[in-house]
Amino acid sequence: MNSIYSYSLEELTKIMLAMGQSAYRSKQIFSWLYKKRVKSFDEMNDISLSFREELKKNFDFFLPTIDVMEKSKDGTIKCLFKLRDGERVEGVLMHYVYGYSVCVSSQVGCNMSCAFCASGLLKKKRNLTPDEMLGQVLAFDEILRKDGNHVTHCVVMGTGEPFDNYDNVLSFIRILNSPFALDIGARHITVSTCGVVPSILRFGKEGLQVNLAISLHAPTNELRDKLMPINKAYPLEKLIPAIIQYGNDSNGRRVTFEYILIKGVNDSIEDAKKLERLIRPTFGFVNLIPYNPVVENGYERADDESVALFHNYLLSKKVKSTIRKEFGSDIDAACGQLRAKYER
Ligand code: SAH
């Protein structure tokens, strides 16, 4: 049986029409699910008893459950969620001055095999369905609601490659974004990709204005090939034009480049110079990320001094750049670490 939380409004409308209902039914159901947050069809008292029975036969209210929860001193909450089939994924809630952001996983494991990443240590087992991504957001939203707060931002930046699970991620984003559901503005939603070029181009044409983050991490094909196997399929001379195209298609949205600084690997001033030249035509921002060491691969975090020099070089060239604030360093908040700990 499918969870009623797995459909965008457009998809649920099609289902309602196919079940002989008016299109309006889907809006009613959305309102019960996402505005009133009911957990059963029995509570939907503006829907006929007989149709409620029909709904019960076709859909359930399954959402991922919280298996492990770790709270950091800085307010970060990391959860290991248990899915219907017993698989586990991580989601993280972060408190910023501007609101509350949830970092969502999009797959169980990941096949991208980036050399520095803990997620790839466990190969992809399967894609997450929209309700499994949404459930991560709803779980944190429920926690926040107790204090009168709510989730305001979402980044698809947890375990998995969102563009290796395109259709489910798109339905999930449409539910987040729908005024009849969570009503999180597209500009408050970010999808992070390792650079799947055809999907970047397709995503630009969806008519959303979602932020795109590109995990770049290297300024040359030579180095990027070593760190990120995806670069062999979609090298920089394909990636950069696709990013420019995305900006044009999505109403001038500028991309963010994520750049992990790894000691002695990609953190020199030479690297900064090459990076600046590479991304200049995109007008993108650079988010410098102090590397979170993963025991298994031997890479080390760049020194504070080289991070500062790298950052200052970009600023001196008028490239907008920030050093990412770290959350939850006292808990296993880095990518894939909590799940890896429990799978070991
Ligand atoms: N597959 C997508 C989203 C998941 S990874 C992507 O590649 O963007 C989310 C971000 O965390 C990526 O930028 C990734 O490169 C980065 N990351 C992975 N492992 C990390 C680590 N140990 N320390 C810091 N950042 C890491």
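So, here is what we can say about the structure in this document. Just so it is clear, the structure is predicted and the values come from calculations on it, not from any experiment.

So, on to the pattern of salt bridges. Where side chains of opposite charge bring their charged atoms close, a pairing between them can arise. For the structure on display, the rule yields 21 salt bridges. Residues R88 and D67 are paired through a salt bridge, measuring 2.5 Å at the closest nitrogen-oxygen approach. Pair noted here: R88 is in strand β5 (residues 88–96) and D67 is in strand β3 (residues 65–71), with a separation of 21 residues, a long-range link. On the basis of relative accessibility, which here comes to 33%, the residue D67 falls in the partly exposed class. Here E300 makes a salt bridge to K263, at a shortest N to O gap of 4.0 Å. Here the residue E300 occupies a position in the loop between β13 (285–290) and α11 (304–316), and K263 occupies one in the loop between β12 (256–261) and α10 (269–279), the gap between them amounting to 37 residues.

Spatially, the 10 strands line up as an open sheet ordered β3-β4-β5-β6-β9-β10-β11-β12-β13-β14, and their pairing is mixed. In this open sheet, the two strands that pair with only one neighbour each are β3 and β14 (321–323). Averaged over all pairs of adjacent strands, the angle between their axes in this sheet comes to 20 degrees, without regard to strand direction. With 6 bridges joining them, β3 and strand β4 (residues 77–82) adopt antiparallel strand pairing. Residue K71 lies in a different strand from β4, and its bridge partner there is I77. Sitting on the sheet, α11 touches β12, β13 and β14, and the angle it makes with β14 is about 165 degrees.

Here we come to the site of the ligand. For the ligand, the set of nearby residues contains 19 residues, the closest of which are E161, S192, S215, H217 and N292. One of the side-chain N or O atoms of S192 is found 2.6 Å from an oxygen atom in the ligand. Within the side chain of E258, an N or O atom sits 3.1 Å from an oxygen atom of the ligand. Taken by itself the ligand offers 530 Å² of open surface, and the protein chains cover 95% of this. Of all the secondary structure elements, the ones that give two or more residues to the shell around the ligand are β10 (189–193) and β12.

The rules behind each value
Residues numbered from 1 in each chain as written. Predicted model: local features only at pLDDT ≥ 70, side-chain atom pairs only at ≥ 80, totals over all residues. Heavy atoms only, no water. Salt bridge = Lys/Arg side-chain N within 4 Å of Asp/Glu carboxyl O. Helix = DSSP H or I, 4+ residues; strand = E, 2+ residues; numbered from the N terminus. Buried < 20%, exposed > 50% of the residue type's maximum accessible area, 1.4 Å probe, protein only. Pairing = 2+ DSSP bridges. Axes fitted to C-alpha atoms, helices over the stretch in contact; angles between N-to-C directions. Contact = heavy atoms within 4.5 Å. Near = heavy atom within 4 Å. Polar contact = N/O pair within 3.5 Å; in protein donor to acceptor, adjacent residues only side chain to side chain. Areas by Shrake-Rupley, 256 points an atom, 1.4 Å probe, with all protein chains shown as cover.

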